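Listed here are the chains, written in short residue letters.
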Amino acid sequence: EDDKVRNRMMAACRLHMKKSNNMQNIASRHSEDIGIKVALGVLVMLLIFGVLEPVIIDQSPELGLEFIDAQVKHRPELWSNATWPPDVREQVLIWADGLLKGTTGAKELLYLDIQQKLFCDSLSDGSSTPCTMDPDLSRPWHTRGTLTELDKSIFSSGYRAGDLVFTR
């Protein structure tokens, strides 16, 4: 009978040890808690990213114009000639090509001035500098008129102001 009691006591002690707070049980519970927290964090992130969508704004036309403008502004030696310098013409052609071909819908460059010097003007009737993007075309440069004159050219051009995209 002592053996039976001994075996029962040993089984009860083993069961009590399994349920008690020993290192193995604490580590197991801790890893389960961390696993649950990580899973909940992933689910919350999936919910947030599913609801929120990033707003993508294409600023390449403005940045391209800023670069061309800075190039002309910081290199006054470019203006020693009576025509637009070849490297500025090339930059404008690259910018205009990306603007016209890289966007949806048919677009047309109607007017461009850089550092208040007229590059092209297809708005004014009889303009001596149309906005044809010919790389071999030597363009004379001259100071543009006032912004009021430009506004008059826009309104008298036959284009609806709402259809035009102004990039400054």
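Residues numbered from 1 in each chain as written. Predicted model: local features only at pLDDT ≥ 70, side-chain atom pairs only at ≥ 80, totals over all residues. Heavy atoms only, no water.

> Describe helix α5 (residues 147–155), with residues and values.
Looking only at α5, the buried set comprises Leu150, Ser153 and Ile154. Burial along α5 is one-sided: seen end-on, the buried residues are contained in an arc of 100°. Exposed side chains of α5 directed beyond 90 degrees from the buried face belong to Thr148, Lys152 and Phe155. Lining the buried residues of α5 we find β1 (111–114). (Buried < 20%, exposed > 50% of the residue type's maximum accessible area, 1.4 Å probe, protein only. Helix = DSSP H or I, 4+ residues; strand = E, 2+ residues; numbered from the N terminus. Arc of directions from axis to C-beta. Contact = heavy atoms within 4.5 Å.)

> Just give me the short version of the pairing of β1, but keep the residues and values in it.
With 4 bridges connecting them, β1 and strand β2 (residues 117–121) associate as antiparallel partners. Each bridged residue has a counterpart across the sheet, and for Tyr111 the counterpart in β2 is Asp121. Hairpin remark: β1 followed by β2, antiparallel, with 2 residues in the connecting loop; positive phi at Gln115, about 50°. (Pairing = 2+ DSSP bridges.)

> Explain unusual backbone geometry to me, and be specific about the residues and the numbers.
Backbone geometry at Gln115 places phi at a positive 50°, although glycine is not the residue there. With respect to the secondary-structure elements, Gln115 resides in the loop between β1 and β2. Notably, Gln116 is not glycine yet its phi reads approximately 60°, a positive angle. Looking at the element boundaries, Gln116 is found in the loop between β1 and β2.

> Just give me the short version of the packing of helix α3 (residues 60–73) against helix α4 (residues 86–101), but keep the residues and values in it.
The interhelical angle for the contact between α3 and α4, taken along N-to-C directions, is 175°, at an axis separation of 10 Å. Relative to α4, the element α3 is oriented roughly antiparallel. Residue-level inspection shows Ser60, Pro61, Gly64, Leu65, Phe67, Ile68, Gln71 and Val72 of α3 in contact with α4, the latter providing Asp87, Val88, Gln91, Val92, Trp95 and Leu99. For the contact of α3 with α4, the residue count by class is 9 nonpolar, 4 polar and 1 charged. (Axes fitted to C-alpha atoms, helices over the stretch in contact; angles between N-to-C directions. Parallel < 35°, antiparallel > 145°, perpendicular 65-115°, else oblique. Nonpolar A, V, L, I, M, F, W, Y, C, P; charged D, E, K, R; others polar.)

> Tell me about the nonpolar core, residues and numbers included.
Formed by 15 residues in total, the largest nonpolar core has its most connected members in Val92, Trp95, Leu112 and Ile114. Listed by contribution, the elements that provide at least two residues to this core are α3, α4, β1 and β2. In terms of residue count, α4 provides more of this core than any other element does, 5 residues in total. In this structure, Val92 is in contact with Ile68, Leu112, Ile114 and Phe119, ignoring residues within four places of it in sequence. Counting residues in hydrophobic clusters, the runner-up holds 7 residues, among them Leu110, Leu118, Leu123 and Leu164. (Core = buried A, V, L, I, M, F, W, Y, C linked by side-chain atoms within 4.5 Å.)

> I'd like a rundown of the sheet that holds β1, residues and numbers included.
In spatial order, the strands read β1-β2-β3; together these 3 strands make up an open sheet with antiparallel pairing. On the outer flanks of this sheet lie β1 and β3 (142–143), each paired with one strand and no other.

> Would you mind going over the environment of Glu108 in detail, with residue names and values included?
Residue position: Glu108 is located in the loop between α4 and β1. Judged by its relative accessible area of 53%, Glu108 is exposed. Linking Glu108 and Cys131, residues 23 residues apart in sequence, is a C-alpha distance of 8.6 Å.

> Quick rundown of a nonpolar patch on the surface? Include the residues and the values.
A cluster of nonpolar side chains, namely Ile34, Ile36, Val38, Leu40, Val42, Leu43 and Leu46, defines an oily patch on the protein surface of about 670 Å² accessible area. The class of Ile34 is partly exposed, set by a relative accessible area of 40%. (Patch = residues over 30% accessible without salt bridge, like charges linked within 9 Å, V, L, I, M, F, W, Y side chains within 5 Å. Areas by Shrake-Rupley, 256 points an atom, 1.4 Å probe, with all protein chains shown as cover. Salt bridge = Lys/Arg side-chain N within 4 Å of Asp/Glu carboxyl O.)

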